[in-house]
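Summary of structural features
These are the residues of each chain, in order.
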Amino acid sequence: MGHRIVGKIAEMHLLPEVRIKIEKNFNIKKLSDVANWADRVRKKRSQGPWHYCNIAASKSSYLRDRDCPEGECVVEKVKEFARVLKDRGPVEKETKESLMYLIHFVGDIHQPLHLGNARDRGGNKMARNFKGRETNLHALWDGGLIYLAGKSLVQYASDLNRRISQADKKTWNFSKVNDWANESRVLALDHAYPLDDSSSRELSKRYIEKSREIIDLRLSQAGVRLAGLLNGLLK
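Residues numbered from 1 in each chain as written. Predicted model: local features only at pLDDT ≥ 70, side-chain atom pairs only at ≥ 80, totals over all residues. Heavy atoms only, no water.

**As for the overall build of the chain**
Assigned secondary structure in the chain consists of 12 helices and two strands. The N-to-C order of helical and strand elements in the chain reads α-α-α-α-α-α-α-β-β-α-α-α-α-α. Over its C-alpha trace the chain gives a radius of gyration of 17 Å, about what one expects of a compact globule, namely 18 Å for 235 residues. Dimensions of the chain along its principal axes, counting C-alpha atoms only, are 55 × 40 × 35 Å. Sequence separation of 24 or more characterises 72% of the internal contacts of the chain that already satisfy a separation of 6 or more. (Helix = DSSP H or I, 4+ residues; strand = E, 2+ residues; numbered from the N terminus. Rg over C-alpha atoms; globule rule 2.2 N^0.38 Å. Contact = heavy atoms within 4.5 Å.)

Following this line, the structure appears as structure tokens:
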């Protein structure tokens with residue numbers, strides 16, 4: 001759900017010529033339609049590590065040599081597939097897949113717990129109860145905490161988009177891939193992990209409300225930045 005929302009927001013910020021090029025050359029009408037493709041192939045292709053990056057314990061920023069020396073993490077994959085699109089020749093299967101990976105990984109890098117700790121697998125090992133069912137902290141940040149309030153994904157994305165100012169758009173697009181990762185890491189350490197009561201499986205109302213504010217911000221930033229990246233690569 002989160003990836004589709006990111007795709008919807010990005011669609012609203014694509015340059016007209018880039019939108020046409022994506023549809024004509026890549027046969028992709030909507031970014032949101034392919035936003036989850038990378039998750040569908042991850043197990044078959046053994047690409048799980050591409051979707052996250054474990055940062056060294058207690059460290060608040062990403063360093064490639066320390067955290068991703070082999071380049072097999074979400075931070076370096078965003079850069080890698082952006083290079084493929086930049087240097088593209090005729091659009092072939094590899095090029096189209098690079099675009100679909102990029103659409104997904106820009107969303108992943110904005111999810112704080114995708115820049116989490118190895119010991120708890122980015123919150124996957126932290127069991128929690130939510131709305132009467134058992135889940136884990138990572139799954140909640142992946143989308144379980146998104147509250148549509150009866151809206152469709154298109155309506156929800158449109159509502160988020162209306163809150164984005166031109167100043168926001170300019171500031172967010174000024175940043176680089178490592179900055180996106182570092183933002184997520186700080187949010188993971190400062191908010192996602194510091195639960196009000198680490199011994200309880202129940203989330204407090206305060207934690208849920210603050211988390212939803214952060215998730216809305218990260219979905220918005222991811223959508224704007226994905227569009228900015230594609231506009232720069234494909235115009």
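**Observations concerning the pattern of salt bridges**
Taken as a whole and judged by the stated rule, the model has 13 salt bridges. Across the salt bridge formed by D159 and R162, the nearest N and O atoms sit 2.1 Å from each other. In this pair, D159 and R162 both sit in helix α9 (residues 153-162), three residues apart, roughly one turn of the helix. Two residues, K210 and E213, come together in a salt bridge whose shortest N-O distance is 3.9 Å. On the criterion of helical spacing, the pair formed by K210 and E213 is a turn pair, its members being three residues apart in helix α12 (residues 205-234). When salt bridges that share partners are traced, they join R64, E76 and K79 into one network. (Salt bridge = Lys/Arg side-chain N within 4 Å of Asp/Glu carboxyl O.)

**Notes on the packing of aromatic side chains**
Per the counting criterion, the structure on display carries six aromatic pairs. Measuring from centroid to centroid gives 5.9 Å for W50 and F81, while their planes differ by 55°, and the two rings are tilted. Placement of W50 in the loop between α4 (37-41) and α5 (64-67) and of F81 in helix α6 (residues 74-86) is noted, with a sequence separation of 31 residues between them. By relative accessible area, W50 is classed as buried at 13%. Directly above the ring of W50 sits K77, whose terminal nitrogen or CZ lies 3.9 Å from the centroid. (Phe/Tyr/Trp six-rings, centres within 6.5 Å; stacked < 30°, edge-to-face > 60°. Buried < 20%, exposed > 50% of the residue type's maximum accessible area, 1.4 Å probe, protein only. Lys NZ or Arg CZ within 6 Å of the ring centre and 35° of its normal.)

**Examining the nonpolar core**
The biggest cluster of nonpolar side chains holds 72 residues, and the ones touching the most others in it are I5, I22, C53, V75, L102, W141 and L230. Top element by residues in this core is α12. It accounts for 13 residues. Excluding anything up to four places from it in sequence, C53 contacts Y62, D67, C68, C73, V74, V75, H114, L115 and G116. (Core = buried A, V, L, I, M, F, W, Y, C linked by side-chain atoms within 4.5 Å.)

**Description of α12**
Between its first and last C-alpha, α12 extends 43 Å over 30 residues, near the 44 Å set by a 1.5 Å rise per residue. When you tally the buried positions in α12, you get 21 out of 30 residues, the bulk of the element. (Expected span 1.5 Å × (residues − 1).)

**Notes on unusual backbone geometry**
Even without glycine at this site, R121 takes up a positive phi of about 50°. With respect to the secondary-structure elements, R121 resides in the loop between α7 (93-109) and β1 (127-130). Among the residues examined, R121 registers a relative accessible area of 49% and is labelled partly exposed. The phi dihedral of K131 falls on the positive side, at around 55°, and the residue is not glycine. If you trace the backbone, K131 turns up in the loop between β1 and β2 (133-136).

**Details of α6**
For α6, built from 13 residues, the straight-helix expectation of 18 Å at 1.5 Å per residue is met to within 8% by its first-to-last C-alpha distance of 18 Å. Among the residues of α6, V74, V75, E76, K77, V78, F81, A82 and L85 are the ones counted as buried. Next to the buried residues of α6 lie α2 (16-26), α5, α7, α11 (177-192) and α12.

**What about the state of the cysteines?**
Scanning all chains against the criterion turns up one disulfide. There is a disulfide in this structure between C68 and C73, and the S-S distance comes to 2.4 Å. Torsion about the S-S bond of the C68 and C73 cystine: about -110°, corresponding to left-handed handedness. Given the relative accessible area of 4%, C68 is considered buried. The closest cysteine sulfur to the non-disulfide-bonded C53 is located on C73, 4.0 Å from its own sulfur. (Disulfide = S-S within 2.5 Å.)

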